[in-house]
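Examining the three-dimensional arrangement
So you can see what is in the structure, the chains are spelled out below.
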Amino acid sequence: CIGVREGRTRADDVLWDYWHITPTKALGLVFDPTLWKKAMDEYYTAAGHDLVKGWPTRAKLEELDLKDVADEMGRLGKLP
């Protein structure tokens, strides 16, 4: 939630070029960005985060006994 409070969103969750372009070129492979998007969707779903913003949901925060954090994120407009 600290990152979310500071403005982090799903758009910030990217693979840096050296993580996928160089290794895949060296192996003669092609990086498929649609697989990365699918993996992100699966991760966010499993983590209880919103798929659009990548932010944790109130339900997930409360499940983790973080109602006070959820309340603060709500006051800041940082809940999906």
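Residues numbered from 1 in each chain as written. Predicted model: local features only at pLDDT ≥ 70, side-chain atom pairs only at ≥ 80, totals over all residues. Heavy atoms only, no water.

**Topic: the overall build of the protein chain**
- Helix and strand content of the protein chain: 5 helices and 0 strands.
- When the helices and strands of the protein chain are placed in sequence order, the string is α-α-α-α-α.
- For a compact globule of 80 residues, the expected C-alpha radius of gyration is about 12 Å, and the protein chain comes in at 16 Å, more than 25% above that figure.
- In terms of overall dimensions, the protein chain has a C-alpha envelope of 50 × 20 × 15 Å along the principal axes.
- In the protein chain, of all internal contacts separated by at least 6 residues, the share reaching a separation of at least 24 is 46%.
- Looking at the protein chain as shown, the accessible area adds up to about 5800 Å², and 61% of this sits on carbon and sulfur atoms.
- Counting 12 positive and 14 negative side-chain charges, the protein chain places the centres of these two groups 3 Å from one another. (Helix = DSSP H or I, 4+ residues; strand = E, 2+ residues; numbered from the N terminus. Rg over C-alpha atoms; globule rule 2.2 N^0.38 Å. Contact = heavy atoms within 4.5 Å. Areas by Shrake-Rupley, 256 points an atom, 1.4 Å probe, with all protein chains shown as cover. Lys, Arg positive; Asp, Glu negative; His and termini not counted. Charge placed at Lys NZ, Arg CZ, Asp CG, Glu CD.)

**Side note on the nonpolar core**
- Formed by V4, W55, L61, A70, M73 and L79, the largest nonpolar core amounts to 6 residues.
- Setting aside residues up to four positions removed in sequence, V4 forms contacts with W55, P56, M73 and K78. (Core = buried A, V, L, I, M, F, W, Y, C linked by side-chain atoms within 4.5 Å. Buried < 20%, exposed > 50% of the residue type's maximum accessible area, 1.4 Å probe, protein only.)

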